[in-house]
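# Reading the structure
Residue strings, one per chain:
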Amino acid sequence: MVKQPMPTATERVGIRLPRTSESENLKKIRHTTSHIMAMAVQKLFPKARVTIGPWTENGFYYDFDNPEPFTEKDLKAIKKEMIKIINRKLPVIREQVSREEAKRRIEELGETYKLEILEEIEDPITIYHLGEQWWDLCAGPHVENTGEIDPKAFDLESVAGAYWRGDENNPQLQRIYGTAWETPEQLAEYKRRKEEALRRDHRKLGKELGLFIFSDSVGPGLPLWTPKGTLVRSQLEDFLKQEQLKRGYLPVVTPHIARVDLFKISGHWQNYQEDMFPMMAEDEQAAELEQGFVLKPMNCPFHIQIYKSELRSYRDLPMRLAEFGTVYRYEQSGELGGLTRVRGFTVDDSHLFVTPEQLEEEFHSVVDLILSVFKSLQLTNFKARLSFRDPESDKYIGSDEVWDKAQNAIRHAVQTIGMDYFEAPGEAAFYGPKLDFIFEDVLEREWQLGTVQVDYNLPERFDLVYTAEDGSRQRPVMIHRAPFGSLERLIGILIEQYAGDFPLWLAPIQVRLLPVSDAQLDFVKELAAKMRSLGIRAEADTSRERLGKMIRNGEKQKIPVMAVVGAKELEENTLSIRTRAGGELGAIPVAEVIDKLRDAIASHSDF
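Computed from a predicted model, the values in this text were never measured in an experiment.

About the thresholds
Residues numbered from 1 in each chain as written. Predicted model: local features only at pLDDT ≥ 70, side-chain atom pairs only at ≥ 80, totals over all residues. Heavy atoms only, no water. Core = buried A, V, L, I, M, F, W, Y, C linked by side-chain atoms within 4.5 Å. Buried < 20%, exposed > 50% of the residue type's maximum accessible area, 1.4 Å probe, protein only. Domains from an automatic or database assignment. Contact = heavy atoms within 4.5 Å. Patch = residues over 30% accessible without salt bridge, like charges linked within 9 Å, V, L, I, M, F, W, Y side chains within 5 Å. Areas by Shrake-Rupley, 256 points an atom, 1.4 Å probe, with all protein chains shown as cover. Salt bridge = Lys/Arg side-chain N within 4 Å of Asp/Glu carboxyl O. Lys, Arg positive; Asp, Glu negative; His and termini not counted. Charge placed at Lys NZ, Arg CZ, Asp CG, Glu CD. Helix = DSSP H or I, 4+ residues; strand = E, 2+ residues; numbered from the N terminus. Polar contact = N/O pair within 3.5 Å; in protein donor to acceptor, adjacent residues only side chain to side chain. Pairing = 2+ DSSP bridges. Axes fitted to C-alpha atoms, helices over the stretch in contact; angles between N-to-C directions. 1 Å grid on protein atoms, 1.4 Å probe; cavity = no way out; pocket = protein on both sides within 12 Å on 5 of 7 lines; lining within 4 Å. Points joined across faces, edges and corners; volume = space filled by probe spheres on them. Nonpolar A, V, L, I, M, F, W, Y, C, P; charged D, E, K, R; others polar. Expected span 1.5 Å × (residues − 1). Arc of directions from axis to C-beta.

## What about the nonpolar core?
- Core analysis: the largest hydrophobic core is formed by 79 residues, its most contacted members being L236, L377, L435, F484, M531 and L575.
- Mapped onto the domain boundaries, this core takes at least three residues apiece from domain 2 (212–256 + 297–498) and domain 4 (511–602).
- Leaving out residues up to four positions away in the same chain, M531 has contacts with V511, L513, I536, A538, L575, V593, I594 and L597.
- Within the second largest apolar cluster, 31 residues are counted, among which are A38, F70, M82 and A180.

## Observations regarding a negative patch on the surface
- Taken together, the side chains of E282, D283, E284 and E288 define an acidic patch exposed on the protein surface.
- Residue position: E282 is located in the loop between α9 (268–271) and α10 (284–288).
- Taking relative accessible area as the criterion, E282 reaches 79% and is therefore assigned exposed.

## Remarks on the pattern of salt bridges
- With the rule as written, the count across this model stands at 51 salt bridges.
- We note a salt bridge from R19 to E22, for which the minimum N-O separation is 3.4 Å.
- For R19, a relative accessible area of 11% corresponds to the buried category.
- Overall, E22 belongs to the partly exposed group, its relative accessible area being 28%.

## Brief notes about the domain arrangement of the chain
- Domain boundaries assigned for the chain yield domain 1 (20–195), domain 2 (212–256 + 297–498), domain 3 (257–295) and domain 4 (511–602).
- When each unit is reduced to the centre of its C-alpha atoms, the spacing between domain 1 and domain 2 is 39 Å.

## Notes on helix α15 (residues 487–497)
- Extensive coverage of α15 is indicated by the burial of 10 of its 11 residues.
- Listing the buried residues of α15 in full gives L487, E488, L490, I491, G492, I493, L494, I495, E496 and Q497.
- Capping the start of α15, S486 holds a side-chain oxygen 3.3 Å from the backbone nitrogen of E488, two or three residues further along.

## A few points about the sheet that holds strand β4 (residues 92–97)
- Spatial ordering of the open sheet is given by β4-β5-β6, a layout of 3 strands whose pairing is antiparallel. Looking at strand neighbours, the two that pair on one side only are β4 and β6 (134–137), the edges of this open sheet. Averaged over all pairs of adjacent strands, the angle between their axes in this sheet comes to 25°, without regard to strand direction.
- Bridge analysis of β4 against strand β5 (residues 125–130) gives 6 bridges, and the strand direction is antiparallel. Residue pairing in the sheet places Q96 in a bridge with T126 of β5.
- Packing against the sheet, helix α1 (residues 24–44) makes contact with β4, β5 and β6, and its axis sits at approximately 125° to β6.

## With respect to the environment of P54
- Mapped onto the fold, P54 is located in the loop between β1 (49–50) and β2 (55–56).
- Along the backbone, P54 and H31 are 23 residues apart, and their C-alpha atoms lie at a distance of 6.4 Å.

## A short note on the layout of surface pockets
- Approximately 410 Å³ is the volume attributed to the second largest pocket.
- What lines the second largest pocket is a set of 18 residues, and nearest its centre among them are G161, A162, Y163, G166 and G334.
- Elements represented by at least two residues in the lining of the second largest pocket include exactly β3 (59–65), β7 (154–163) and β8 (172–180).
- Counting residues per element, the lining of the second largest pocket draws most heavily on β7, which supplies 4 residues.
- When its residues are assigned to classes, the lining of the second largest pocket shows 7 nonpolar, 6 polar and 5 charged.
- In terms of domain composition, the lining of the second largest pocket takes at least three residues from each of domain 1 (20–195) and domain 2 (212–256 + 297–498).

## Examining the pairing of strand β27 (residues 574–579)
- A large share of β27 lies buried, amounting to 5 of its 6 residues.
- Two elements, strand β26 (residues 561–565) and β27, share 4 bridges in a ladder whose sense is antiparallel. Residue pairing for β27: M562 is matched across the bridge by R578.
- Sheet topology places β27 next to strand β28 (residues 583–589); 6 bridges connect them, and they run antiparallel. Considered in β28, the bridge of T579 is made with G583.
- Counting the residues between successive antiparallel strands, the hairpin from β27 to β28 contains 3 residues.

## As for helix α16 (residues 521–533)
- Look at α16: 19 Å from first C-alpha to last across 13 residues, which is about the 18 Å you get at 1.5 Å a residue.
- Among all positions of α16, only L521, F523, V524, L527, A528 and M531 are buried. One side of α16 holds all its buried residues, which, seen down the axis, span an arc of 155°. What points out from α16, more than 90 degrees from its buried face, is the exposed set D522, E526 and S533.
- At its buried positions, α16 is contacted by β24 (511–515), β25 (538–540), β26, α18 (567–572), β27 and α19 (590–602).
- At the C-terminal side of α16, G535 shows a positive phi close to 90°.

The following block contains the structure:
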């Protein structure tokens, strides 16, 4: 299949909300609206100094240095002033000036942040004016005049703190976020989706459903899994482990820390150190010599050591080592977000050591596994991104020849499979290109989940070999793969995708038995125990609440199946079944309910 241009968001019935990168007109609207906002802020707050004001995929923001914090009341006043500017239909005028002239004008205004920006931008230096009242350094693009902005199609959303240049050692600024659209209908749909996103927010639902917590005493970005959340994690792990065993993967377990030297060989220490936790050294001398231990940011160097522990033959390959390995990344506090951005997370990691001749077949098998996983999780709306090296960047290790070989191998593999894909230069790992699966959720937000990487570099750096059929020593190729990616991120995404209503096989509590009165209490307790012994996650409601309250509680906790037991059901050995998927199903014999539950759980289907 031929290479496709980068795909846009899936067309849905109703109003489509294009991203800024998909629409040149939206780019102009949002860039101009950010300037209008900055002009309004500086009119209302003369002491405010401006910094940067780019567009985002759904809107724009501007960072300000203002003596006093902006309030919700201030946002309303700023928006009102913006509407006045829009209605004045001020021309948006581009002016090209010399660097010296730009510096003179900036100094005249006292905009110290703009002086820093000026030092970094390349010629030509362009300024955009809103009428004769306000201007800013900018490369564009913009609309012709402010009247092209629909005053009913934009809004100011929130204020947040942001360090200048993203460095916590720099002054803290105030960032005002806004959104702007072509029509009021688009704005209304955007707001509706934001409300839906809040309803589905995995942080909110995770707390309500009792799945995980965060503790200040433990630290930010380090989730603690409750029994219910651990059940969900365990189900996902067990599911993938069984699939991997069927496909010839070998389970391994590796430590959480290692010597710095290991990561010097892999290149992580030189190329990834800012994302790693600081080194642990015994004393100052060891620290100076960089002799110490670090928390692992990735599992691959450990799996490589297992491969290297003995000389391998071509008959041993492919060797597929798999681990649910917890890794640690030193994310900035401001970048953390629930389960989707954490400091300690578990990767369903595997590293395949293959001969060059086996590479394409193994790559296909990995992709087949990932697609099978997505199908079981009911994740259908995804696209394939070929994350390649940016040839202008120096952050990658290895020769051009090795990179070309790896990138061509991935491109040829996806073409042979027949997948639609797009290429993304600059998104590769520092040691090799990747095939990333980009999932689009029900709110058209994109998330990276599964990934497959082809790596010729680490086998070279670690001097990996195998004995070929002719007795010579040859270099294997590595495939790095993770169908889930981060287990934490996956669960966060699944919570939001399902709105907390997990499919039966994943739900932490699959069945709740509801006794109408105390006369049925012993029966439901015994039946719940029997179901648990048969692999069904069942519990008896012993709250002694009225039936209606028990049902409402079960619905709030999103229990997939509820079984009511009254006097009649007890006498007839039946259960009155109520499911979230099918509603009221009536009275069904107990044995039949158990059989149906076991079949549905095993087949990953509804009851």
